[in-house]
Amino acid sequence: VAFDLAPATATVLKADFLELPISTDLGEDVRIEGSNLLVVGAGSFDVVVMSLVLSFVPLPAHRRAMLDKARCCLRPSGTLFVIEKAALASGGRAAGRGQLDAFREGLEAAGFVARRYAALGRLEGGRKPHAHAWRLVPEAEPRPHPGPWLREDVLPEA
């Protein structure tokens, strides 16, 4: 099931993931009305992909809520793929590494374990990666955390 807040094609359903109900009474089914995704069953997906989504959510707490929902949608053996913009962190510098680590910590605090990370692609003539990607599995207990941090966010004092 593919869905987006503003679908660009008819094959993608419309839904706001932060508002989308996840039902434990629906089994592994989904409920659709026209082109709108209304509800999904908990544990109904083998894979959830968040591609360039978290970086457009303005608050770390809302990013965490999206990760919590993704975890709820996944089967126990499922996988979450997160792809985010390179602006997440400045490549190579200590400050950029700290931002990337803070973002990863937010992903892991939601109960995911990173099985793989990759810096992807290069823009023409550039040295920095074009995107960051994680393959995560829900194998840890979620713990309190405000959510993944982006470069624009003010990091809390350690």
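Remember, predicted model here, so these are calculated numbers, not experimental data.

Basis of the calculations
- Residues numbered from 1 in each chain as written.
- Predicted model: local features only at pLDDT ≥ 70, side-chain atom pairs only at ≥ 80, totals over all residues.
- Heavy atoms only, no water.
- Helix = DSSP H or I, 4+ residues; strand = E, 2+ residues; numbered from the N terminus.
- Buried < 20%, exposed > 50% of the residue type's maximum accessible area, 1.4 Å probe, protein only.
- Contact = heavy atoms within 4.5 Å.
- pLDDT = per-residue confidence, 0-100.
- Core = buried A, V, L, I, M, F, W, Y, C linked by side-chain atoms within 4.5 Å.
- Polar contact = N/O pair within 3.5 Å; in protein donor to acceptor, adjacent residues only side chain to side chain.

What follows covers the overall build of the protein. In terms of regular secondary structure, the protein is built from two helices and nine strands. Taken from the N to the C terminus, the helices and strands of the protein come in the order β-β-β-β-β-β-α-β-α-β-β. Taken over 158 residues, the protein has a buried fraction of 38%. The long-range share in the protein, meaning contacts at least 24 apart out of those at least 6 apart in sequence, stands at 60%.

Moving on: the confidence of the model for the protein. Across the protein, pLDDT averages 86, with 85% of residues at or above 70. Averaged over each element, pLDDT in the protein is lowest for helix α2 (residues 94-109) (80) and highest for strand β2 (residues 13-14) (97).

Grouped together as the largest cluster of nonpolar side chains are 26 residues, with contacts concentrated most on Met50, Leu54, Leu67, Leu80, Val82 and Leu107. Secondary structure elements with two or more residues in this core: β5 (36-41), β6 (45-51), α1 (60-73), β7 (74-85), α2 and β9 (129-137). By residue number, the principal contributor to this core is α1, which donates four residues. Leaving out residues up to four positions away in the same chain, methionine 50 has contacts with Phe17, Met66, Leu67, Ala70, Leu80, Phe81, Val82 and Ile83.

Our next topic: the side chain of serine 23. By secondary structure assignment, the location of serine 23 is in strand β3 (residues 22-23). Polar contacts involving the side chain of serine 23 include one to the main-chain amide nitrogen of leucine 26, which spans 3.3 Å.

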